[in-house]
Amino acid sequence: WKEIAKAQSVGACRLRRIHLTTTDKVRIRVTRSPVCPALSDFGLFMEPEFEAWLPPVGTDPKVLAAAKAKAGWKVASASYEVRGNGAKRAIDGNPGTIWHTHDTDGEHALPQEFVVDMGEEKTLKGFTYLPRQDNCLHGMVDRYGFAVSADGKTWTTASEGEFGNLRANPVEQTVSFEPVKARYFKFVAKHAVEMNHAVVAEIGVVE
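Residues numbered from 1 in each chain as written. Predicted model: local features only at pLDDT ≥ 70, side-chain atom pairs only at ≥ 80, totals over all residues. Heavy atoms only, no water.

Enquirer: Looking at this model, I keep getting lost on the side chain of Asp-117. Mind explaining?
Expert: Structurally, the position occupied by Asp-117 is in strand β5 (residues 112-130). Polar contacts involving the side chain of Asp-117 include one to the side chain of Arg-183, which spans 2.8 Å. (Helix = DSSP H or I, 4+ residues; strand = E, 2+ residues; numbered from the N terminus. Polar contact = N/O pair within 3.5 Å; in protein donor to acceptor, adjacent residues only side chain to side chain.)

Here it is in structure tokens:
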């Protein structure tokens, strides 16, 4: 047997991401428990890497416009990248894919950040943040920093603060700030609702 994942505790709901593995058998071992172990469900999931995501026919025009606007965006850098769940997933226009900083070796603590090159200078009036939409609070960012840059080297903080009540209402958040010209932006995840890693479904800008 080859160990591909381990954890200190299971909890109410535990999702462990692993690197691509081919096998026909899987074994789970409980090595220690304060009481009688109980496991109600277990599953294996495939999460293929998407190079791009095209919104389905009939999608809201605003969603189509947002996806088109991000077509030329590229991730310039990221503080941490998990294979198959890199920061590009936070700008692919698909709310079902996520950037996260929790790997098979455990959580990579906050703060975490990524930088996006929009391909051209734009006048930004704000940004949008979509938290994960899978009914899990782990890594859901509730304190943030948002900085802008013309060259990707010199940065100005455009906004920093806290998203309110995401635990009860995890919908897209829109943050406004004074108009500023920039080609690059940096999103900094400073704190999460639960656990100590970052998860982002989508980041956008307001022009």
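Enquirer: Help me understand the nonpolar core, please; the structure alone is not making it clear to me.
Expert: Generally speaking, soluble globular proteins have nonpolar side chains that are buried together. In this structure, Phe-114, Phe-127, Tyr-129, Phe-146, Phe-185, Phe-187 and Val-200 are the most contacted members of the largest nonpolar core, which totals 32 residues. In terms of residue count, strand β8 (residues 173-192) provides more of this core than any other element does, 7 residues in total. For Phe-187, the residues in contact, after removing those within four places along its chain, are Gln-112, Glu-113, Phe-114, Phe-127, Tyr-129, Val-141, Tyr-144, Gly-145, Phe-146, Val-200 and Ile-203. (Core = buried A, V, L, I, M, F, W, Y, C linked by side-chain atoms within 4.5 Å. Buried < 20%, exposed > 50% of the residue type's maximum accessible area, 1.4 Å probe, protein only. Contact = heavy atoms within 4.5 Å.)

Enquirer: How should I be thinking about the packing of aromatic side chains in this particular structure?
Expert: The geometry of an aromatic ring pair is captured by the separation of the ring centres together with the interplanar angle, meaning the angle of the planes. Scanning all chains against the criterion turns up 12 aromatic pairs. Here the aromatic rings of Tyr-144 and Phe-163 are separated by 4.5 Å at their centres, their planes lie at 20°, and the arrangement is stacked. On the criterion of sequence distance, the pair formed by Tyr-144 in strand β6 (residues 138-149) and Phe-163 in the loop between β7 (156-162) and β8 is long-range, its members being 19 residues apart. For the ring pair Phe-146 and Phe-185, a centre distance of 5.2 Å and an interplane angle of 20° mean the geometry is stacked. With a gap of 39 residues between them, Phe-146 in strand β6 and Phe-185 in strand β8 connect regions that are remote in the sequence. Judged on exposure class, the residue Phe-146 and its partner Phe-185 are both buried. Put simply, the rings of Trp-73, Trp-99, Phe-114, Phe-127, Tyr-129, Tyr-144, Phe-146, Phe-163, Phe-177, Phe-185 and Phe-187 touch in pairs and so form one group of aromatic residues. The ring of Trp-155 is capped by Lys-186, whose NZ or CZ atom sits 4.6 Å from the centre of that ring. (Phe/Tyr/Trp six-rings, centres within 6.5 Å; stacked < 30°, edge-to-face > 60°. Lys NZ or Arg CZ within 6 Å of the ring centre and 35° of its normal.)

Enquirer: Whenever I open this one, the pattern of salt bridges confuses me. Can you help?
Expert: Counted under the stated rule, the structure contains 9 salt bridges. The shortest N-O distance in the salt bridge between Lys-122 and Glu-120 comes to 3.4 Å. The class of Lys-122 is buried, set by a relative accessible area of 11%. Between Arg-132 and Asp-134 there is a salt bridge, with its nearest N and O atoms 2.8 Å apart. The class for Asp-134 is partly exposed, based on a relative accessible area of 40%. (Salt bridge = Lys/Arg side-chain N within 4 Å of Asp/Glu carboxyl O.)

Enquirer: Hey, could you run me through the environment of Arg-132 in this one?
Expert: Along the polypeptide, Arg-132 turns up in the loop between β5 and β6. For the pair formed by Arg-132 and Val-171, sequence separation is 39 residues and the distance between their alpha carbons is 8.9 Å. Once you skip the residues sitting within four places of it in the chain, Arg-132 turns out to touch Ile-98, His-138, Met-140, Val-199 and Ala-201. For Arg-132, the side chain forms a polar contact with the side chain of Asp-134, separated by 2.8 Å. Of note is the side chain of Arg-132, whose polar atom sits 2.5 Å from the backbone oxygen of His-138.

Everything listed here is a matter of geometry and, on its own, says nothing about what the molecule does.
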